[in-house]
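Chain by chain, the residues run as shown.
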Amino acid sequence: MRIAPGPRSAPWSDLHAHAERLSAVPTRELFERDPGRFERFSRRGAGLLMDFSRQHLDEMVLGRLLELPEAVDLAGYRDAMWRGERINATEERAVLHVALRQRPGEHIGGAAIAHEVIEERERMLAFADGVRSGRILASAGKPFALIVNIGIGGSDLGPAMAVQALAHHARGAPRCEFVSNVEGCRLADLLAVADPHTTLFIVSSKTFTTLETLTHAQTARQWLRERLGETAVPLHFAAVSVNHHAMDTFGVHPEHRFKMWDWVGGRFSLWSSIGVSLAIAIGREGFLAFLEGGREMDTHFKSAPWGQNLPALLALIGIWNINFRDLPTLAVLPYEERLSRLPAYLQQLEMGSNGKSVTLEGRRADWQTAAVIWGGPGSNAQHSFYQLLHQGTPRAALELLLPAQSSCASDARHQLAIASCLAQAEAFMAGYPVESVRREFEREGLSGERREALEPHKVHPGSRPSTLIAFPRLDPATLGRLIALYEHKVFTQGVIWGINSFDQWGVELGKRLAGQLIASVRDPAGQPAAASGVQKVLEQLAEWRDAP
Ligand code: F6P
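Residues numbered from 1 in each chain as written. Predicted model: local features only at pLDDT ≥ 70, side-chain atom pairs only at ≥ 80, totals over all residues. Heavy atoms only, no water.

Details of the overall build of the protein
What counts is decided by this rule: Each helix is a run of DSSP H or I of at least 4 residues and each strand a run of E of at least 2, with the numbering of both proceeding from the N terminus. We call two residues in contact whenever any of their non-hydrogen atoms come within 4.5 Å of each other. Neither His nor the chain ends contribute to the count of charged residues, in which Lys and Arg are positive and Asp and Glu negative. By convention, charge coordinates are those of NZ in Lys, CZ in Arg, CG in Asp, or CD in Glu.
For the protein, the count of helices and strands is 22 helices and 11 strands. Dimensions of the protein, computed from the C-alpha atoms along their principal axes, are close to 80 × 65 × 55 Å. Contacts in the protein between residues at least 24 apart in sequence constitute 74% of all its contacts with a sequence separation of at least 6. For the protein, the centre of its 58 positive side-chain charges and the centre of its 61 negative side-chain charges are spaced 1 Å apart.

Right, here's the structure in full:
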C-alpha cells in the first residue's frame, strides 16, 4: 500500500492559503463572529470531551483538514494495521498493540495471536494478583512489599506513568518503583533501604539486550545473592521479554516469565505483560478496565467518521499547528498531579514514533513531522513557564487535560484546579489586548509616564491555540482511553506525513558508539585515541576520577 503522503495532496496546498487568510484574524474575533463556536468545534466520544474551539481555525480549515484522511487512505492503513499486515515496513513487522486490548472471543491479529494474547494475559494477571495478595511469596515465605521494575524507554515510561496516574487504585498493593537510567543512582537509593527478603525485581525488556536494563539486573542479582544466597535469587525475579533464551540464561523462574511479541513496539507495550507492575499495583480488575478503556477508543477510532473521530481530529489539529502555523512544539498540561509523567510518556510515544525525516518510499520528507513534546502539571506550570506561553516569542500549541473530579483532594480543592485550567485556556485564546490594558489603567487612575512605560508589558497577544481534553475522573478505563487516543493520533499523523511511525533507527547509532567508547572511558591512556575532542574530555574526567 503506497499512497502519496498528505503534503503532496491537493487539500495540503489549500491549507497554506487558509493559514495565510486567518493569520491576521485573532482567535477571539472568531469567537465573536460565531456564538455557536463551541458546538461547532468540540466533540464527545469514548467518554471524553474534546474542545478545540480555541484553536486558530474555522470551518473551511476543518473541512480541508478532514480531506487529508481520505487523500492518504487512512482507513485503508488503519484496517491493514488491524489485519496484522506488516505496516512497519523497515522492520518487516506487523503492528498489533490493538490486539492486546481484545476481549476473549475476538480474533484481532488472527486466531493464533488472539489465543496467545489471552492466555499470556491470564498468566500475567494471575501472577500479578498472586504477588498483590501475598499468595505468591518471596524466598523466606514473606509477601513482597517492594516491586522494582527494571527497564527503560517503552519498558519503563508506560508502567511508571500509569502506576503514578492510578496510585489511588493501588491501596493495599506492594510499592512499585522504577529504575531506568544507566548511572544507577535510583537503584542505589532503593537498594540502600530495601529489604531483600520482600523485594521483587521485574526485568522488563523486549529484547533482553539493553545495556541499562541488563546492567541494573546484574546489580540487583548480586545484591540479592550476597544477602539471601544463590538459591533464593530466582524467587525474587520476574521478567518480560521476547528473548526466552536470555531469560533462561539469567535464571528467571519459569512461572515468573512472560512473553512479548515482535509485533508490539516498545512504546506501545504497556498493554502487554510489560504492564505487569501496573497490574500488581491496580489488580486484575483494574488492569482489565484499563484494557477495556483502550478497546473503547479503538472501537471509536474504527467506527466514527473522521469529523467525529477524536484521535483523527487531535492528529489533524496537530498537523494544522505544526505544518501550517509554524508551531513546532506542543505543551501537554494535565490539571491532575497524578498525570505528571504523561508528558514524558508522550515524548517517547510521539517523538519516538514520528520524529522521522524520510518517507515510506525512502525519500526525504521536506515537511515538518513530529512536534517537540514538553509540559508538566498545570498548576505548577502556571507558576513556572506559562509566562513564556502567554507573552514569549517562541509560541507553542497546548493540550490541557482536565478531570471533572479529583482523584484525591476534596471537591473544593479540585474546583480551584478546574477554574485555573479554564481561565488559562481563555487567557491563552483571548489574550489581553491593549484596549483592555488602557481600560484597566483608567479604572486605576494610572496616567503619565508610568502608564506609558507599563502598557506594552501588560498586553497579552492571545491566539495561543489550545485543545481541552476533559473526562469524568482519572480511573483505569479513562487512562486506557487517553493512552489509546494518543496512540491513534500518532498513527494518523504518521500516515498523513507518509512516514513509518513504528521503527526507531535513530536511537541505534549513539548506542553503538557508546559500546565502542566504554573501553576508552575505563582506560583513556591504554586505548587507541578516541576522536580528539572526546579524548580530551575523557582525559579530564579520568584525572578528576582518579584524584584523591
Ligand atoms: O532505545 C530505544 C528502545 O529500543 C525502545 O524502543 C525500547 O522501548 C527501549 O529501547 C527498551 O528496549 P527493551 O525493551 O528491548 O529493553
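Looking at the side chain of His 488
Let me state the cut-off plainly: Remark: exposure states derive from per-residue accessible area (1.4 Å probe, protein chains only) relative to the maximum for the residue type, with buried under 20%, exposed over 50%, and partly exposed in between.
The residue His 488 is located in helix H20 (residues 476–497) in this model. Accessibility expressed as a relative area gives 0% for His 488, which makes it buried. Residues contacting His 488, with those up to four places away along its chain left out, are Met 81, Trp 82, Val 98, Arg 101, Met 297, Asp 298, Phe 301 and Pro 311.

Some details on the packing of helix H7 (residues 111–133) against helix H12 (residues 276–303)
How we decide: Each axis is a line fitted through C-alpha atoms, taken for helices only over the stretch in contact, and angles between the N-to-C directions span 0 to 180 degrees. An angle counts as roughly parallel when it lies under 35 degrees, as roughly antiparallel when it exceeds 145, as roughly perpendicular when it falls between 65 and 115, and as oblique in every other case. Take the far helix as your reference; a near helix turned counterclockwise from it by less than a right angle gives a left-handed crossing, and one turned clockwise gives a right-handed crossing. When residues are grouped by polarity, Ala, Val, Leu, Ile, Met, Phe, Trp, Tyr, Cys and Pro land in nonpolar, Asp, Glu, Lys and Arg in charged, and all others, Gly among them, in polar.
The N-to-C vectors of H7 and H12 enclose an angle of 125°; their axes lie 8 Å apart at closest approach. Overall, the two elements H7 and H12 adopt an arrangement that is oblique. Helix-helix and strand crossings are classified by hand; for H7 and H12 the assignment is left-handed. In contact with Arg 121, Glu 122, Met 124, Leu 125, Phe 127, Ala 128, Asp 129, Val 131 and Arg 132 of H7, H12 contributes Val 276, Ala 279, Ile 280, Ala 281, Ile 282, Gly 283, Arg 284, Phe 287, Leu 288 and Leu 291. Of the residues belonging to the contact of H7 with H12, the class tally is 13 nonpolar, 1 polar and 5 charged.

Some points on the environment of Gln 222
Checked against the element boundaries, Gln 222 lands in helix H10 (residues 211–228). Sequence spacing of Gln 222 and Val 233 is 11 residues, and the spatial spacing of their C-alpha atoms is 9.0 Å.

A word on the site of the ligand
Rules: Neighbouring residues are identified by heavy atoms, a residue being near a molecule or strand if any of them is within 4 Å of it. Throughout this description, a polar contact denotes any pair of N or O atoms lying within 3.5 Å of each other; where both atoms belong to protein, one of them has to be capable of donating a hydrogen while the other can accept it, and for residues adjacent in sequence the pair is counted only when both atoms sit in side chains. Per-residue and other accessible areas were derived by the Shrake-Rupley procedure at a 1.4 Å probe size, with only the shown protein chains allowed to occlude residues.
Residues in close proximity to the ligand total 13 residues, the closest being Gly 154, Ser 155, Ser 205, Thr 207 and Thr 210. Take Ser 155: an N or O atom from its side chain is 2.6 Å from an oxygen atom of the ligand. The protein chains hide 86% of the 390 Å² of surface that the ligand would expose on its own. Within the shell around the ligand, the residues separate by chemical class into 2 nonpolar, 9 polar and 2 charged.

What to know about the domain arrangement of the protein
Filter applied, for reference: These domain limits were set by an automatic method or by a database of domain assignments. Computed with a 1.4 Å rolling probe, the buried area is the accessible surface lost when two parts are put together, summed over both parts. In what follows, salt bridge is the name for a side-chain nitrogen of Lys or Arg lying within 4 Å of a carboxyl oxygen of Asp or Glu.
Partitioning the protein into structural domains gives domain 1 (6–87 + 304–356 + 368–430 + 464–497), domain 2 (97–285), domain 3 (431–463) and domain 4 (508–546). On the side of domain 3, 10 residues touch domain 1, which itself brings 15 residues to the contact. A combined buried area of about 760 Å² lies between domain 1 and domain 3, and 38% of that area is made up of carbon and sulfur atoms. Contact with domain 3 buries area across many residues of domain 1, yet Arg 28, Gln 391 and Arg 464 alone supply 53% of it, more than any other trio. Inspection of the domain 1/domain 3 interface yields 0 salt bridges. Our count for the domain 1 to domain 3 interface comes out at 8 residue pairs in polar contact (both at pLDDT 80 or more). Among the secondary structure elements, those contributing two or more residues to the side of domain 1 that touches domain 3 are helix H2 (27–33), helix H16 (386–391) and helix H17 (411–430). At 5 residues, H17 tops the list of elements feeding residues into the side of domain 1 that touches domain 3. In the side of domain 1 that touches domain 3, the residues fall into 6 nonpolar, 4 polar and 5 charged.

Here's the deal with the packing of aromatic side chains
Just so we agree on the cut-off: Paired rings are identified among Phe, Tyr and Trp, the last through its six-membered ring, by centres lying within 6.5 Å, and are further divided according to the angle between planes into stacked (under 30 degrees), edge-to-face (over 60) and tilted (the rest). The criterion is that NZ of a Lys, or CZ of an Arg, lies within 6 Å of the ring centre and within 35 degrees of the ring normal, and then a charge sits over that ring.
All chains considered together, the criterion is met by 19 aromatic pairs. Ring geometry for Phe 268 against Phe 502: centres 5.4 Å apart, planes inclined by 50°, an arrangement best described as tilted. Within this pair, whereas Phe 268 is found in the loop between strand S7 (257–259) and H12, its partner Phe 502 is found in the loop between H20 and helix H21 (508–522), the two being separated by 234 residues in sequence. With respect to burial, Phe 268 and Phe 502 carry one shared label: buried. Here the basic side chain of Arg 78 rests over the ring of Phe 301, its NZ or CZ set 6.0 Å away from the ring centre.

Comments concerning the pattern of salt bridges
For the structure shown, the criterion picks out 37 salt bridges. Of the charged contacts, one joins Asp 298 and Arg 101 as a salt bridge, the two residues approaching to 2.7 Å between their closest N and O atoms. Taken together, the residues span a long stretch of sequence, with Asp 298 in helix H12 and Arg 101 in the loop between helix H6 (74–83) and H7 at a distance of 197 residues. Asp 298 sits in the buried class, given a relative accessible area of 5%. With a shortest N-O distance of 3.0 Å, Glu 116 and Lys 259 are connected by a salt bridge. A residue pair is termed long-range when its members are at least 10 positions apart, and Glu 116 in helix H7 and Lys 259 in strand S7 qualify at 143 residues. On the basis of relative accessibility, which here comes to 27%, the residue Glu 116 falls in the partly exposed class. Taking relative accessible area as the criterion, Lys 259 reaches 25% and is therefore assigned partly exposed. Overlapping salt bridges bring together Arg 103, Glu 106, Glu 292 and Arg 295 as one network.

Quick notes on the packing of helix H14 (residues 342–354) against H20
Interaxial distance between H14 and H20 falls to 10 Å at its minimum, and their mutual angle equals 25°. Judged by the inter-axis angle, H14 sits roughly parallel to H20. When you trace H14 past H20, the crossing you get is right-handed. Here Leu 342, Tyr 345, Leu 346, Leu 349, Glu 350, Ser 353 and Asn 354 of H14 lie close against H20, whose contacting residues are Ile 483, Tyr 486, Glu 487, Lys 489, Val 490, Gln 493, Gly 494 and Trp 497. When the residues that make up the contact of H14 with H20 are grouped by side-chain class, the tally is 8 nonpolar, 4 polar and 3 charged.

Brief notes about H17
Spacing of three or four residues puts side chains on the same side of an α-helix, whose turn is 3.6 residues. Note the cut-off: The span you would expect from a helix comes to 1.5 Å times its residue count less one. Note that the arc is computed from the directions linking the helix axis to the C-beta atoms.
The first and last C-alpha atoms of H17 sit 28 Å apart over 20 residues, in line with the 28 Å expected at 1.5 Å per residue. Within H17, burial applies to His 414, Ala 417, Cys 421, Gln 424, Ala 425, Phe 428 and Met 429. Considered in projection along H17, the buried side chains sweep an arc of 130° and stay on one side of the axis. In H17, the exposed residues that point more than 90 degrees away from the buried face are Gln 415 and Leu 416. Where H17 is buried, its residues meet H2, helix H15 (378–382), H16, strand S10 (397–403) and strand S11 (466–471).

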